[in-house]
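# Understanding the architecture of this molecule
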Amino acid sequence: MDFSLTSEQRMMVDACRRMVATTIQPILDQHPADRPLPKAAAKQVLRHLAQLGLTAARLPEEAGGPGMTVLDYGLLCEELPPVVAFILLPQETTIARIHHGCSAEQRERLLPELISANRITCTAATEPDVGSDPRGVRTRVREEQDALVINGRKMWISNGSISDVINVTCRDDSNNLVRVLVDRAQSDVDVKEIPVMGLQQCHLAEMAFDDCRVPKENRLGDSKDAAMVLTLTWLANRPLIGLCAVHLAQRAFEAASAYAKDRKQFGKAIGNFQLIQERLADIETAIVASRLLCYNALAAIDRGERANGVSAMAKRYAVSACDRAIALAMQVHGSMGLSRELGLERMARDVRMLSIPDGTPEILTLIQGREITSFDAFRQ
């Protein structure tokens, strides 16, 4: 088993790293770190990412994507600041969901502007009383003459407040889960931003659909494919989110390592003390273990294996381990670790935001347990 990157992968990673440093990070720095980016800035970020094929990472070349593996996608996601990854993931994931199971006419009509990031999209599945179980969705859609009419509420929708097109998961008159695209230029949706503790330049929103009228041609796919399409995309999203945690922990480790060499107490650099070395060793171990678990899950998806368990394991472990790693890095810095100036406190808030999307730790544990025992703990 070869754990080294190919020359092509190294070139991709280097290109992504340069883009972040020269074009994307300056956009982030132009705006307050504690408020959602303006829509124009978010769109600018997505357009830069589109140049690397990241807005359609999971699409084949014939569908307008780069034809990259999901492991390659993960390598690039790890290089992105998590706030950028959380603007990209709703766009890319929704594009993948639109692509799967839709007609050729729908793909041709909808995807080009989304892939190029001329328009921003998102998926609205979660509801006030429905999180980890999409089969509990209560938002309804009914046919009415020449239109579809949607009624319901959605919560915690990434990119919701800046979206132009919303992929809504709802139930039809036969109680089937269905997917309907809502174009906000055509249909009225009440959208409100939700303030959060971390990743504050991202966008989380709640949505109200009150007799929201949508053209019939915006119904996507088969009436029975909505849950399947959600699950297929979640499998890759989980280790991708894990790699966002790795990104944060790696930055914290680099800061702590440098500080341990420079900061002096009792007449010598604190890196001389065994307990500081232990903390640094624990941080590095958490990063490497988390990274390899996430790479393993993405590689399993590329091989076409059943990846439910390894995907759940990767995200659950990586977010938890990297949360702990950042806390240790703050301890190495002492009082400086608590300062806003250093930025570790923001990393500590940001990593906490990663535990909920695409499966809470509890749900991920039960998914992994189901794969081990074949017993489904959360279904009758």
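Residues numbered from 1 in each chain as written. Predicted model: local features only at pLDDT ≥ 70, side-chain atom pairs only at ≥ 80, totals over all residues. Heavy atoms only, no water.

## Quick word on the environment of T233
Stated precisely, the cut-off is as follows: Each helix is a run of H or I in the DSSP string that is no shorter than four residues. Each strand is a run of E no shorter than two, and both are numbered from the N terminus. Buried residues are those whose accessible area, probed at 1.4 Å on protein chains only, stays under 20% of the maximum for their type, while exposed residues exceed 50% and partly exposed ones sit between those limits. Residue contacts are counted whenever heavy atoms from the two residues lie within 4.5 Å of one another.
By the element assignment, T233 lies in helix 6 (residues 226-262). Residue class for T233 comes out buried when judged on its relative accessible area of 3%. Spatially, the C-alpha atom of T233 lies 7.6 Å from that of A96, the residues being 137 residues apart in sequence. Non-local contacts of T233, meaning those with residues more than four positions away in its chain, are made with R58, T93, A96 and R97.

## Some words on the packing of aromatic side chains
In this description, an aromatic ring pair is defined by two values, namely the gap between the centres and the angle between the planes. The condition that has to hold: Two rings from Phe, Tyr or Trp (for Trp, the six-membered ring) form a pair when their centres sit within 6.5 Å of each other. Planes less than 30 degrees apart are called stacked, planes more than 60 degrees apart edge-to-face, and all others tilted.
Inspection of the entire model under this criterion finds one aromatic pair. The interplanar angle of 85° and the centroid separation of 6.3 Å between the aromatic rings of F266 and F273 together place this pair among those described as edge-to-face. Since its relative accessible area comes to 75%, F266 is described here as exposed. Looking at F273, the relative accessible area reads 27%, which means it is partly exposed.

## Concerning the environment of G242
With respect to the secondary-structure elements, G242 resides in helix 6. You can call G242 buried: its relative accessible area is 0%. Along the sequence, G242 and E78 sit 164 residues apart, while their C-alpha atoms lie 8.9 Å from each other.

## With respect to a nonpolar patch on the surface
Let me state the cut-off plainly: Surface patches are defined over residues having more than 30% relative accessible area and no salt bridge, joining like charges when they lie within 9 Å and nonpolar side chains (Val, Leu, Ile, Met, Phe, Trp, Tyr) when within 5 Å. Surface accessibility in these figures is a Shrake-Rupley result with a 1.4 Å probe; residues are shielded only by whichever protein chains are displayed. Salt bridge criterion: a side-chain nitrogen from Lys or Arg within 4 Å of a carboxyl oxygen from Asp or Glu.
A grouping of M1, F3, V288 and L292 is seen on the molecular surface, where their side chains present a nonpolar patch of about 490 Å² in accessible area. Along the chain, F3 turns up in the segment before helix 1 (7-29).

## Overview of the pattern of salt bridges
All told, the structure shown has 21 salt bridges when counted by the stated rule. Notably, a salt bridge pairs K154 with E127, separated by 2.9 Å at the nearest N-O pair. With a gap of 27 residues between them, K154 in strand 3 (residues 147-158) and E127 in the loop between strand 1 (121-124) and strand 2 (140-144) connect regions that are remote in the sequence. Here E127 falls in the buried class, since its relative accessible area comes to 5%. Where R142 meets E144, a salt bridge forms, and the shortest distance between an N and an O atom there is 2.9 Å. Overall, the relative accessible area of 33% leaves R142 in the partly exposed class. Judged by its relative accessible area of 28%, E144 is partly exposed.

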